[in-house]
Amino acid sequence: MTRVAEIVEDVRTRGDEAVREWSRALDGVEPARAVPTEAPAEEVLALADAVERWHALQRPGDVRLEVRPGVELERRWVPLASVGIYVPRGLVSTLVMCAIPARVAGVERIVVVTPPDGAGPVAAAAEVLGLDEVWALGGPPAIAALAYGTESIPRVDKICGPGGAYVNEAKLLVSRDVAIDLPAGPSEVVVLAGSDADRRLVELELAAQAEHGPDSVCTLVEVDGDLEAALARVEELAPEHLVLLGADAEAAADRVRNAGAVFVGPWSPVASGDYATGGNHVLPTGRWARSVGGIGLETFLKPITVQRLTEDGLASLRPTVEALAAIEGMPAHAAAVNR
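Nothing here was measured: the structure is a model prediction, and the numbers come from that model. (Residues numbered from 1 in each chain as written. Predicted model: local features only at pLDDT ≥ 70, side-chain atom pairs only at ≥ 80, totals over all residues. Heavy atoms only, no water.)

Peer 1: Go over a nonpolar patch on the surface with me, naming the residues and quoting the values.
Peer 2: On the surface, a nonpolar cluster with roughly 250 Å² of combined accessible area is contributed by L65, V67 and L73. Following the sequence through the fold, L65 ends up in strand β2 (residues 63–68). (Patch = residues over 30% accessible without salt bridge, like charges linked within 9 Å, V, L, I, M, F, W, Y side chains within 5 Å. Areas by Shrake-Rupley, 256 points an atom, 1.4 Å probe, with all protein chains shown as cover. Salt bridge = Lys/Arg side-chain N within 4 Å of Asp/Glu carboxyl O. Helix = DSSP H or I, 4+ residues; strand = E, 2+ residues; numbered from the N terminus.)

Peer 1: For helix α3 (residues 41–56), give the residues involved together with the corresponding values.
Peer 2: Counted at 1.5 Å a residue, the expected span for α3 with its 16 residues is 22 Å, and the 22 Å between its end C-alpha atoms agrees. Taken as a whole, α3 has its buried residues at V44, L47, A48, A50, V51 and H55. End-on, the buried residues of α3 take up no more than an arc of 165°, which puts them together on one face. α3 presents E42 and R53 as exposed residues on the side facing more than 90 degrees away from its buried surface. Those residues of α3 that are buried lie in contact with α4 (92–105), α5 (119–129) and α11 (270–275). (Expected span 1.5 Å × (residues − 1). Buried < 20%, exposed > 50% of the residue type's maximum accessible area, 1.4 Å probe, protein only. Arc of directions from axis to C-beta. Contact = heavy atoms within 4.5 Å.)

Peer 1: Give a detailed account of the packing of α3 against α5, specifying residues and quantitative values.
Peer 2: With their axes 10 Å apart at the nearest point, α3 and α5 run at an angle of 60° to one another. One way to sum up the angle between α3 and α5 is to call them oblique. With respect to the hand of their crossing, α3 and α5 are arranged in right-handed fashion. Listed contacts from α5 to A41, V44, L45 and A48 of α3 are A125, V128 and L129. Of the residues contributing to the contact of α3 with α5, the split by class is 7 nonpolar, no polar and no charged. (Axes fitted to C-alpha atoms, helices over the stretch in contact; angles between N-to-C directions. Parallel < 35°, antiparallel > 145°, perpendicular 65-115°, else oblique. Left-handed = near helix turned anticlockwise from the far one by under 90°. Nonpolar A, V, L, I, M, F, W, Y, C, P; charged D, E, K, R; others polar.)

Peer 1: I'd like to hear about the packing of helix α1 (residues 2–14) against helix α2 (residues 16–27), residue by residue, with values.
Peer 2: Across the interface, α1 lies against α2 with an axial gap of 6 Å and an inter-helix angle of 145°. Residues R3, E6, I7, D10, V11 and R14 of α1 form the contact with α2, whose own contacting residues are D16, E17, A18, V19, E21, W22 and L26. Broken down by class, the residue content of the contact of α1 with α2 amounts to 6 nonpolar, no polar and 7 charged.

Peer 1: Could you give an account of the environment of V78, naming the residues involved and the relevant values?
Peer 2: Here V78 shows up in strand β3 (residues 71–79). Using a relative accessible area of 16% as the deciding quantity, one classes V78 as buried. For the pair V78 and A332, spaced 254 residues apart in the sequence, the C-alpha separation amounts to 32 Å. Not counting residues up to four positions away in its chain, the partners in contact with V78 are F300, L301, K302 and I304.

Peer 1: Which residues make up the sheet that holds strand β13 (residues 301–309), and what are the values?
Peer 2: Read from one edge of the open sheet, 3 strands run β2-β3-β13, paired in antiparallel fashion. Each edge of the open sheet carries a strand with a single partner, namely β2 and β13. Across the sheet, the mean angle separating the axes of adjacent strands is 20° when strand polarity is ignored. The pairing of β3 with β13 spans 9 bridges and is classified as antiparallel. Along β13, the bridge assignment pairs L73 with Q307. (Pairing = 2+ DSSP bridges.)

Peer 1: I'd love a proper account of the pairing of β2, names of residues and values included.
Peer 2: Sparse coverage of β2 is indicated by the burial of 0 of its 6 residues. As defined by bridge partners, β2 adjoins β3 across 5 bridges and the pair is classed as antiparallel. Residue pairing in the sheet places E66 in a bridge with E72 of β3. Linking β2 to β3, which pair antiparallel, is a turn of 2 residues; within it G70 sits at a positive phi near 85°.

Everything listed here is a matter of geometry and, on its own, says nothing about what the molecule does.
Here's what the structure looks like:
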């Protein structure tokens, strides 16, 4: 991972020149705008429709409260101005999972970066979705360019999207300076199987997740007559994807706390969520599901608190401010409420 830090710092310092050098060294090509090749337009639009309908429902409401006469608080949600989306090699569905919620949220500028090998279909899908800033640029150089900006790629306000170990390391490094969604990748699945579970379905789920690459984490947890122990093991693993199979599947579903997404029963394969249901497939890995969830509409929004006081409202708060300011040794705070 030392090299990842070296790449990130080099791009931060030298901009486009460093991006070009690292892109040639890692991918053998100069970074450039991606040229569309082919993408299944009908299927891309079908997935985009499902993702849009599901994420539109997630918009949090603005709230307003008069705490006391003359003291009013408001919390409203506003979209980020710009986001960068990292799309792993050729993963058209991931583009949809990130770009559509960003657009629904109202993000003005959406920048897509994706490894040169496989950039064509991603660029074609972006064209179908009406996105026009797609770069054939992958790995840590792409993350650093989004985070710090270069002469060609202005910096963004947040970086989203999954990636391998090096991409996630780069995201964590730049998170000191720019917001990220979450570490997402390599892929994980846990199958919780009762004794009556269809073993063929167990194998299908494990094989599908293993297809993401040799670093995929595929785990089978057998209930073996002790559902409590099996659920405890699942909670400890906090997987990206959790598949529940067997008679206890529905009962177990409501008890899961630590998982990115849960797929319940024999007709709910993870692949359906990857490609068609509209549920987001950019999910926490590496046990991050203990504390964060996957991408949702709120990923592309931020709350702003607005405070409005009248003269009488301020007067009613003055004794509280003065007392607390005295305890904390902040005389200028006390002076600020005397006007």
